[in-house]
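As a plain string of letters, each chain reads:
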Amino acid sequence: MTAGNVPFIIKIKIMPKVNTIAPQTGAAFTIKKGQFLTVSDPLGSQVSDMVLFNNNDKREKISAGKSMDFEETILLTKGNFLWSNRSQKMMEIVEDTNGRNDFLLAPCSPETFQIMYDNHEEHPSCLNNLKVNLSNYAIELDEIPTAFNIFMNVQFDSKGKISVLPPTSVAGDYVTFKAEMDLIVCLTACSAEDSNGGTFKPIHYQITD
Ligand SMILES: [Zn+2]
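Our subject in this report is the structure included herewith. As the structure is a prediction and not an experimental result, all values here were calculated from the model. The numbering scheme is per chain: residues are counted from 1 as the chain's sequence reads. Residue-level local features of this predicted model are given only where pLDDT is at least 70; pairs of side-chain atoms are given and counted only at 80 or more, and the full residue set underlies all totals for whole chains, interfaces and linings. Where side-chain values are given, they derive from all heavy atoms of the structure, hydrogens and water being excluded.

### Points about the overall build of the chain
Line of reasoning, step 1. A tally of regular secondary structure across the chain gives three helices and 13 strands.
Line of reasoning, step 2. Throughout, exposure labels follow a simple rule: accessible area from a 1.4 Å probe, protein chains only, divided by the maximum for the residue type, with under 20% read as buried, over 50% as exposed, and the rest as partly exposed. Buried positions account for 44% of the 209 residues belonging to the chain.
Line of reasoning, step 3. Within the chain, counting contacts between residues at least 6 apart in sequence, those at least 24 apart form 77% of the total.
Line of reasoning, step 4. Here the Shrake-Rupley method, with its probe set to 1.4 Å, supplies the accessible areas, and only the displayed protein chains count as covering residues. About 10,900 Å² of surface is accessible on the chain, with carbon and sulfur atoms providing 52% of the total. Here a strand is any run of E in DSSP of at least two residues, a helix any run of H or I of at least four, and the numbering for each starts at the N terminus. The contact criterion used is simple: two residues touch if any of their non-hydrogen atoms lie within 4.5 Å.

Below, the structure written as C-alpha cells:
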C-alpha cells in the first residue's frame, strides 16, 4: 500500500443562500417555474405575508378566493395549491412543518393600527413593506392582493367570529413552495403585534432548484 498516489477528492456541497428579512421589513424577488421557495421562522411565532404575481404578466396575481374555492378549504397547507385570479396554479405547498397559515385577512396596513389598535402614530406595516418592495417591479399599492399569511394563526368559531392568536410555529418551522409559473414574490416579516405574539422577529427564505 502506498499513500502517495491516492487521488484527493474534495466534495463541496453548495448550500443555497439563506436570505434574511429583518423584523418589520420585506423583500421582493423572482423565481422560475419549477424552483422551490422555503420560508422559515428562525425564532418562532413570526408571520410572513406572501403575495405572488406572474412575472410574464403582472395582471395575474395570487387570489385568496380562487385558492380557497378550488382547494375546498380555508386552511391551506401541504398538498394544496395557491391559485391566481385567472384560475391558474401559481404554487404548490410541498412541505409545511407547522401546518397553520391564513388566507382570510388582508396585510396589516397603516389603517390597521389606527382602526384595530387605536394607534395613530407612524407604524411599520406589511402593506407598506409590500408596496415599497414591489415598486421595484412597477407594481402599485392598489394592485396588491390579499396575501397568503404564512404561520398566521387566525381562529374562527362556528358563528364566524374571528380571532388572531399568536402563531403556533416554533424556531425552525418552514413552509416550502414549488413555483408552477415564473413568479414575482414579495414576502414580509409581519409588523402587527397581535399576529406575532407581541414581538417582531426576522423571516428567512431560500430559493432552490
Ligand atoms: Zn402584517
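### Details of the pairing of strand S12 (residues 183–188)
Line of reasoning, step 1. Taking burial as the measure, the six residues of S12 include six buried ones, the bulk of the element.
Line of reasoning, step 2. Here S12 shows two buried faces, one formed by Leu183, Val185 and Leu187 and the other by Ile184, Cys186 and Thr188.
Line of reasoning, step 3. With six bridges joining them, strand S2 (residues 26–31) and S12 adopt antiparallel strand pairing. Bridge pairing in S12 links Ile31 to Leu183.
Line of reasoning, step 4. In this structure, strand S4 (residues 48–54) lies alongside S12, joined through five bridges in antiparallel fashion. The residue bridging Leu52 from the neighbouring strand is Val185, located in S12. Any two strands between which DSSP finds at least two bridges are classified as paired.

### A word on the side chain of Glu60
Line of reasoning, step 1. Structurally, the position occupied by Glu60 is in strand S5 (residues 57–61).
Line of reasoning, step 2. Neither His nor the chain ends contribute to the count of charged residues, in which Lys and Arg are positive and Asp and Glu negative. Each salt bridge in this description consists of a side-chain nitrogen of Lys or Arg and a carboxyl oxygen of Asp or Glu lying within 4 Å of one another. Although Glu60 is buried, it makes no salt bridge; Arg86 carries the closest opposite charge, 4.2 Å away.
Line of reasoning, step 3. Whenever two N or O atoms come within 3.5 Å, that pair is a polar contact, provided that in protein one can donate a hydrogen and the other can accept it, and provided that, for residues adjacent in sequence, both atoms are side-chain atoms. Within polar-contact distance, the side chain of Glu60 engages the side chain of Ser84 at 2.5 Å.
Line of reasoning, step 4. Residues in contact with Glu60, not counting those within four places in the same chain, are Leu52, Phe53, Asn54, Ser84, Asn85, Arg86, Gln88, Met90 and Met181.

### Some words on the coordination of the zinc ion
Line of reasoning, step 1. Distances from the zinc ion to its protein donors, namely Cys108 (SG), Cys126 (SG) and Cys190 (SG), fall within the range 2.2 to 2.3 Å.
Line of reasoning, step 2. Note that water is not among the atoms considered, so a metal site may appear incomplete; the donors listed are N, O and S atoms within 2.8 Å of the metal, with 3.2 Å applied to Na, K and Ca. Mapped onto the sequence, the donors of the zinc ion take the spacing C-x17-C-x63-C. In this pair, Cys108 sits in the loop between strand S7 (89–96) and helix H2 (110–115) while Cys190 sits in the loop between S12 and strand S13 (203–208), placing the two residues 82 residues apart along the sequence. Like Cys108, the residue Cys190 is buried in the burial classification.

### Some thoughts on the pattern of salt bridges
Line of reasoning, step 1. In total, this model carries three salt bridges according to the counting rule given.
Line of reasoning, step 2. Its salt-bridge partner being Arg59, residue Asp57 comes within 3.2 Å of it at the nearest N-O pair.
Line of reasoning, step 3. On the accessibility criterion, Asp57 (21% relative accessible area) is partly exposed.
Line of reasoning, step 4. Among the residues examined, Arg59 registers a relative accessible area of 61% and is labelled exposed.
Line of reasoning, step 5. Put simply, Lys78 and Glu95 hold a salt bridge, and the shortest N to O gap is 3.5 Å.

### Details of the side chain of Thr112
Line of reasoning, step 1. Looking at where Thr112 falls in the secondary structure, it is placed in helix H2.
Line of reasoning, step 2. Within the structure, Thr112 has its side chain in polar contact with the backbone nitrogen of Ser109 (distance 2.8 Å).
Line of reasoning, step 3. If we skip the residues at most four places from it in the chain, Thr112 touches Pro107 and Tyr117.

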